There are 4 protein chains.
Amino acid sequence: MIIVMRMGASEAEVGAVTRQIQELGFRAHLSRGEERTIIGLIGDERNVSQQSLELLSGVERVIPVLHPFKLASRDFRPEDSVVSVGSVKVGGRRVTIMAGPCAVESRQQLLETAWAVKEAGASVLRGGAFKPRTSPYAFPGLGEAGLELLAEAREETGLPIVSEVMAPETVGLVSGYADMVQIGTRNMQNYALLHAVGEAGCPVLLKRGLMSTMEEFLMAAEYVLSHGNFHVILCERGIRTFETYTRNTLDINAVPMLKMLTHLPVMVDPSHGTGRWDLVEPVSRASVAAGADGLMVEVHPHPAQALSDGAQSLKPENFAALVRSVSAIAAVLDREV
Amino acid sequence: MIIVMRMGASEAEVGAVTRQIQELGFRAHLSRGEERTIIGLIGDERNVSQQSLELLSGVERVIPVLHPFKLASRDFRPEDSVVSVGSVKVGGRRVTIMAGPCAVESRQQLLETAWAVKEAGASVLRGGAFKPRTSPYAFPGLGEAGLELLAEAREETGLPIVSEVMAPETVGLVSGYADMVQIGTRNMQNYALLHAVGEAGCPVLLKRGLMSTMEEFLMAAEYVLSHGNFHVILCERGIRTFETYTRNTLDINAVPMLKMLTHLPVMVDPSHGTGRWDLVEPVSRASVAAGADGLMVEVHPHPAQALSDGAQSLKPENFAALVRSVSAIAAVLDREV
Amino acid sequence: MIIVMRMGASEAEVGAVTRQIQELGFRAHLSRGEERTIIGLIGDERNVSQQSLELLSGVERVIPVLHPFKLASRDFRPEDSVVSVGSVKVGGRRVTIMAGPCAVESRQQLLETAWAVKEAGASVLRGGAFKPRTSPYAFPGLGEAGLELLAEAREETGLPIVSEVMAPETVGLVSGYADMVQIGTRNMQNYALLHAVGEAGCPVLLKRGLMSTMEEFLMAAEYVLSHGNFHVILCERGIRTFETYTRNTLDINAVPMLKMLTHLPVMVDPSHGTGRWDLVEPVSRASVAAGADGLMVEVHPHPAQALSDGAQSLKPENFAALVRSVSAIAAVLDREV
Amino acid sequence: MIIVMRMGASEAEVGAVTRQIQELGFRAHLSRGEERTIIGLIGDERNVSQQSLELLSGVERVIPVLHPFKLASRDFRPEDSVVSVGSVKVGGRRVTIMAGPCAVESRQQLLETAWAVKEAGASVLRGGAFKPRTSPYAFPGLGEAGLELLAEAREETGLPIVSEVMAPETVGLVSGYADMVQIGTRNMQNYALLHAVGEAGCPVLLKRGLMSTMEEFLMAAEYVLSHGNFHVILCERGIRTFETYTRNTLDINAVPMLKMLTHLPVMVDPSHGTGRWDLVEPVSRASVAAGADGLMVEVHPHPAQALSDGAQSLKPENFAALVRSVSAIAAVLDREV
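Reading the values: rules and limits
- Residues numbered from 1 in each chain as written.
- Chains lettered and ligands numbered in written order.
- Predicted model: local features only at pLDDT ≥ 70, side-chain atom pairs only at ≥ 80, totals over all residues.
- Helix = DSSP H or I, 4+ residues; strand = E, 2+ residues; numbered from the N terminus.
- Buried ≥ 20, exposed ≤ 12 C-beta atoms within 10 Å, placed from the backbone.
- Contact = placed C-beta atoms within 7 Å.
- Nonpolar A, V, L, I, M, F, W, Y, C, P; charged D, E, K, R; others polar.
- Pairing = 2+ DSSP bridges.
- Axes fitted to C-alpha atoms, helices over the stretch in contact; angles between N-to-C directions.
- Least-squares fit on C-alpha atoms with pLDDT ≥ 70 in both.
- Domains from an automatic or database assignment.
- Right-handed = clockwise from strand over helix to strand, strands pointing away.
- Parallel < 35°, antiparallel > 145°, perpendicular 65-115°, else oblique.

Turning next to the overall build of chain A. The helix and strand tally for chain A stands at eleven helices and 14 strands. Over its C-alpha atoms, taken along the principal directions, chain A stretches across nearly 75 × 45 × 40 Å. Taken across its 337 residues, chain A has 62% of its residues classed as buried. Looking at chain A alone, contacts between residues at least 24 apart form 65% of all its contacts between residues at least 6 apart.

All right, on to the interface of chain C and chain B then. Tallying the contact residues gives 21 residues for chain C and 21 residues for chain B. The element best represented in the side of chain C that touches chain B is strand 3 (residues 37–42) of chain C, accounting for three residues. The class makeup of the residues in the side of chain C that touches chain B is nine nonpolar, six polar and six charged.

Attention now moves to the sheet that holds strand 9 (residues 161–164) of chain B. Residue and element names in this part refer to chain B. Spatial strand order, 7-8-9-10-11-12-13-14: eight strands in a closed barrel with parallel pairing. This sheet shows a mean twist of 25° between the axes of neighbouring strands, independent of strand direction. Inspection of the sheet shows strand 13 (residues 266–268) paired to strand 14 (residues 294–298) by two bridges, in the parallel sense. Bridged to Val268 within strand 14 is Leu295. Along the sheet face, helix 7 (residues 214–225) touches strand 11 (204–207) and strand 12 (232–236) and points at about 160° away from the line of strand 12.

Under the fitted operation, chain D is carried onto chain B by 0.0 Å of movement along the axis and a turn of 180°, and the coordinates agree to an RMSD of 0.0 Å. Classification of the inter-copy transformation places it as that of a two-fold axis. Of the C-alpha atoms belonging to chain D, the one lying closest to the rotation axis is found on Ala286 of chain D, 1.9 Å away. A high fraction, 100%, of the interface residues of chain D reappear at the interface in chain B, so the copies pair face to face through one surface.

Take the domain arrangement of chain A next. Along its sequence, chain A is carved into domain 1 (2–63) and domain 2 (83–332). Here the C-alpha centre of domain 2 of chain A lies 44 Å away from the C-alpha centre of domain 1 of chain A.

On to the relation of the copies chain C and chain B. Look at the two chain copies: a rotation about an axis and a shift along it is all it takes to match them. Once turned by 180° and shifted 0.0 Å along the axis, chain C lies on chain B with an RMSD of 0.0 Å. Most of the interface of chain C is mirrored in chain B: 100% of its interface residues are interface residues there too.

Looking now at the interface of chain D and chain B. For interface size, the figure often reported is the accessible area lost on association. Taken together, the contact between chain D and chain B spans 30 residues of the former and 31 residues of the latter. Elements with a minimum of two residues in the side of chain D that touches chain B: helix 7 (214–225), helix 8 (254–261), helix 10 (277–289) and helix 11 (316–332) of chain D. The greatest single-element share of the side of chain D that touches chain B, amounting to six residues, is contributed by helix 10 of chain D. Residue composition of the side of chain D that touches chain B, by class: 18 nonpolar, eight polar and four charged.

Turning our attention to helix 6 (residues 191–200) of chain A. Residue and element names in this part refer to chain A. Within helix 6, nine of the ten residues are buried, leaving the element largely enclosed by the surrounding structure. Here helix 6 has its buried residues at Tyr191, Ala192, Leu193, Leu194, His195, Ala196, Val197, Gly198 and Ala200. Next to the buried residues of helix 6 lie helix 5 (171–177), strand 10 (180–183), strand 11 (204–207) and helix 7 (214–225). Looking one or two residues past helix 6, Gly201 carries a phi angle of roughly 80°, positive in sign.

Moving on to the sheet that holds strand 2 (residues 27–32) of chain C. All names here are of chain C. In space, the four strands of this open sheet follow the order 2-3-1-4, with antiparallel pairing throughout. At either end of the open sheet lies a strand with only one pairing partner, and these are strand 2 and strand 4 (59–63). Ignoring which end each strand starts from, the neighbouring axes of this sheet average 20° apart. When strand 2 meets strand 3, the two strands line up antiparallel, connected through six bridges. Residue pairing across strands places Leu30 opposite Ile39, the latter belonging to strand 3.

Residue and element names in this part refer to chain A. Burial of the side chains of strand 10 extends over both faces: Met180 and Gln182 are buried on one face and Val181 and Ile183 on the other. Handedness of the crossover joining strand 9 (residues 161–164) and strand 10 through helix 5: right-handed. Two elements, strand 10 and strand 11, share three bridges in a ladder whose sense is parallel. From the neighbouring strand, Ile183 faces strand 11, where its bridge partner is Leu206. A crossover links strand 10 with its parallel partner strand 11, the connecting element being helix 6, and its sense is right-handed.

Residues and elements named next belong to chain D. Positionally, Leu150 belongs in helix 4 (residues 144–157). Since 28 C-beta atoms lie within 10 Å of it, Leu150 is described here as buried. It is 55 Å that separates the C-alpha atoms of Leu150 and Gly40, two residues lying 110 residues apart in sequence. Not counting the four nearest positions on each side in its chain, Leu150 is found in contact with Val104, Gly127, Ala129, Ile161, Ser163, Tyr177 and Ala178.

This paragraph deals with the packing of helix 6 (residues 191–200) of chain C against helix 7 (residues 214–225) of chain C. Residues and elements named next belong to chain C. At a minimum axis distance of 7 Å, the contact between helix 6 and helix 7 shows a crossing angle of 45°. As the angle between them shows, helix 6 and helix 7 are arranged oblique. Residue-level inspection shows Tyr191, Leu194, His195, Val197 and Gly198 of helix 6 in contact with helix 7, the latter providing Ala220, Tyr223 and Val224.

Right, let's talk about the environment of Glu155 of chain B for a bit. Take Glu155 of chain B: it is sitting in helix 4 (residues 144–157). Along the primary structure Glu155 of chain B and Asp269 of chain B are separated by 114 residues, whereas in three dimensions their C-alpha atoms are 25 Å apart.

This is the structure we're talking about:
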């Protein structure tokens, strides 16, 4: 951590900062420049409050030097992590495709979709039983009945399942049925929930917050990891910008950037990342080309009748085309769907 | 809701959209322009899925006409709502000042602050017992022990108290101690939590999400209202932008804009809205000048030793100066602190 | 254009809006809903001021129905445009790679780079002679001397050249030397400059503004087209968001979205789009996978000595690897570098 | 400037960075932490390329310590600057109100507005003769004829005038008529234009770019100052965010923040900052309460007939009410309109 003193800061002020650093149990390292004196704090700055130092007299600003995440960092674990979801391994040479409806609506809708995505090449089935909705008047999901249908679909097709969990008290319920629980974008910083899935120890698909920096994303993962649960997969799903032609702006840079910073697998959700079914295939290709370890795609047999997210859902035949085209891209990178 | 057909959409496509509207139980109203045919859906569009209509063949885009919120809207209730927090009424001619430390740290810290803010003119005491923190390694708050200290401070000073609630299962606990529960910025779209405070029926201070539109903010309030709990106060606390000199960008436009759209009281949190103690006073003046019904200000007797948010906390003497200067602004608008 | 009246708007207000529409030379089309009356304006709304209608008594809001761009739209010209840059055709089946240094620094630096990028597979040489710099104290480019060096490099290598123009009065100068002039991101809405290149009739590489929506981007192109100059290539180069780990956020969605909206060729600049040389190759692959018609890449023989943008410049050997990997992606899409 | 080495950087890498710093003519200062070695560059870092250092082997990142602006900084000139616009002094104890139509449309419209704003208390007249418009099909302003009308209005009313300049070659023309030239938001980083007004030496009203940080804003001012022209007034006019209910988000924090960083006067444009006439008065009050040195307000005798920006223009009677209410706020701060 580096403390930049104001121009003209007094010796007494410099001395007080130095003493404060020492009292916190760190070493201070002084460097006098032409316009500013700079004081380095030597030690693990992750436990120091940047803001408290900023308030000391004569201090202009305090600059952290280290990334605040540790367990999620490649400094901590240089080689790629692989996370098991049922029998499927995410994060190795394979590009994993997870697909299914936004929401589980009915037995028939789910089974029809499950068989279709399996045939097309998906290896994990997604489906929401508890749905976060912007409007209190919108369809909230089938709840436990939806989880039962997912379990039935797994039994029939053999596909492991992933489903969203929205509250700490239902982590046990959802992880009892699902092979992996999903933390949605609006809950990325719901710390009570991160704590609960950390304790539960189940595989977690953590979606990036709509409004979150990569650093905050990795800190949310750190919450789960810090409870000893290392089964975490990251999922870029678009961030909010000023652009209005698309629902979100998929941050393609985040794919290779996160891969450099962390050992955790990085997937992409092109359905939410674009919000338009007609952009899903090209952006899926782009994601795999950028190095994503997998895709999560919304598929619905009759998108126009979907109870949620119809506009961004693919029909099964379009999804099959997507898998073919994505597989060809993966092959170029010496990977396999 | 207005459905814009693509240039050159066929009669069959127009007919199919019309029939779909009628099957949903609405009337369709056709209007043929020079380049595009437009179809109006007549009825309460809040129950219609925009996305499903967008997927019909020949449709270019679907434009909602009504605001999606209803109970929160001035259409529903034209006159200002007043929310009681203990004996304090928020939302009338008075400008309510809530103040206190970011986090309750100790008996002495809290009582010292409580007496100081009371003397300076605050009428509600704030203090966090459960703290959402970006890092799993940071101070998480004292929990129930913090709530007990808050209750003691209320007994001594007579100030009603507000404190944050982070999970559905602790709503009963927090609302058992506090006169008002606060939903923090990261939980604005935590629907399980909104549901729980809606059911609890207690006064709720709802902070705007860091990257939420005003529409989403009002929809989050709508969640609480839709459970029959109308004791909701909105709080603008800064949004995330590209600017880095300040922690957030306080959206001053939101104050008069929200006052036009909703009957609920609108407060401002200049501490988080700026992230710098030296900007808190001018921005507090600005907020009251723009029509805010109150302020929520972080105060700490020794900001440099604060366990969180020290950089944006005021010392008691600076807070007293703030109250004086804000009172003078309020007087210009014929209001009273 | 659709005019939504306020709830409870009077007959007189509805009548006044209708008359105003008719006085402007359009037809008005009334539709009475349950909560709101809606009035359609029938005719080419691009010539109507939305804001003036919004101010009429009783009006709640005015919603445009048509895209404001016309000549740039696929409605106007459904098939892809191809733009010639010297002997190179941009926009067909080929994926065009333009490469070179951010700034022309010296004869040796330029020629060395030009030969290197040619050998690696680039077909157009880029290089800045007039450089927009955030700081008045930074290297501003060599000016005309830089253009002369570019012309020499073209003569030697046969590569057509593209170079940035910053002011209307130098359009003649730059287009006298270069095969295509570039409008930089900060000048995307410099209307005097757009006017000048429109008049000049030369090929134009128009970079998306850092802060511009796709609609504004297409309107900037429309400025050039409206002067009869149809030789316009669009270039996505990253937009500004709240993310700080990368210099910009490359908007990958924009590639297929723009291709749907416009007939103009769409390129990507992964160097500015990421700001980090180590992200340039994966993001280049992603861009081509998403359907880009070309790439513009910064290459420097000795990035650490570059006078500008060194951090995002590739060494020639890394650029050669990029071309190989991008060519393999292009082949999957049945295109050719 | 601080160079953070990667974890495990070798002695050779540290040595190479140190030598590079010395070769650039600076001193290097080493500090070995537990996880990272840090190297301080001592001297005026404003002339050093951050990016080149980032590319040296073993370097993780480079952090600038100093603000990049110098002449604009309070370090350079601690006391407030006052800029003369005709006979009006901007930046002292007075709060200056500039008002007038967005665009000069006709003799009658301009004179009617000029007299109205003068009577209401404005001391400078604004009006656009050259108008930047998003659409090439929109009204571009009257050009020199507009400037002549402005000069006539000045002669009649005695109000100094300010008008926008869009291109370097018309700086002489506009500054020949106007007492101050305005650089619009889209041209804030039009360096050719900044250079031209710097050379011209005339008073400059510099509007903040729609998506520019305060640092970039001050660097744009620095461009003008670096040509020896210190007659610069800054104007916050709203930035672009994700919010759609308002045209822009007025950055109220920027007012006190800029006043701390720079000696230049800071004004606010609440018309563009909100985009809605019904928000202009509350946001004007807020701006003055936050410490703005002046306001720039769009006024039109018949907003619904305005050729541009009607929706955000005030009628003369509403402007008069604004001046009264803003004057009362100014008085609280011991200032005068």
